[in-house]
Amino acid sequence: IYAAMATYGDQLHPAACYIGKKPTFENEKSTRTIEVHLIGHEDCPNLYNERMEVHFHSLIRRDEKFSSQNELKTQIQQDIHAIKKIFQGVENNAI
């Protein structure tokens, strides 16, 4: 999980970026995926398969397998909280 800034449209957004194989879901054929969550923009339309530019800031934690989806969800919330602290005071900026 990385703290990142993502450009979508003409806006720059704080983001959580995941790169991994989703080990919690145990799909043997799982390929590496990249997912970007725009923090504070949960109301955005579905952005799957949309193009965006991602600027990596820092590693938050390595990929890991969790014992349940609830444990994973809890960790994701902690990751987002940590990323919000990193980018505290950074507003969405027009490019």
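A brief report on the enclosed structure follows. (Residues numbered from 1 in each chain as written. Predicted model: local features only at pLDDT ≥ 70, side-chain atom pairs only at ≥ 80, totals over all residues. Heavy atoms only, no water.)

## So, the overall build of the protein chain
The helix and strand inventory of the protein chain stands at 1 helix and 5 strands. The order of helices and strands in the protein chain, counted from the N terminus, is β-β-β-β-α-β. Counting across all 95 residues of the protein chain, residues that qualify as buried make up 29%. Sequence separation of 24 or more characterises 63% of the internal contacts of the protein chain that already satisfy a separation of 6 or more. Summed over its atoms, the accessible surface of the protein chain is roughly 6,900 Å², and 48% of this surface lies on carbon and sulfur atoms. (Helix = DSSP H or I, 4+ residues; strand = E, 2+ residues; numbered from the N terminus. Buried < 20%, exposed > 50% of the residue type's maximum accessible area, 1.4 Å probe, protein only. Contact = heavy atoms within 4.5 Å. Areas by Shrake-Rupley, 256 points an atom, 1.4 Å probe, with all protein chains shown as cover.)

## Details of the pattern of salt bridges
All chains considered together, the criterion is met by 3 salt bridges. Here R61 makes a salt bridge to E64, at a shortest N to O gap of 3.6 Å. Of the charged contacts, one joins D79 and R61 as a salt bridge, the two residues approaching to 2.9 Å between their closest N and O atoms. With D79 in helix α1 (residues 69–86) and R61 in the loop between β4 (53–59) and α1, this residue pair connects regions lying 18 residues apart in the sequence. Residue R61 is classed as buried on the basis of its relative accessible area of 14%. When salt bridges that share partners are traced, they join R61, E64 and D79 into one network. (Salt bridge = Lys/Arg side-chain N within 4 Å of Asp/Glu carboxyl O.)

## Points about the environment of A16
Tracing the chain through its elements places A16 in strand β2 (residues 11–20). In this structure A16 comes out as buried when scored by relative accessible area, which is 11%. A16 sits 11 residues away from M5 along the chain, and the two C-alpha atoms are 8.2 Å apart. For A16, the contacting residues outside a window of four places in its chain are Y2, E35, V36, H37, I39 and I83.

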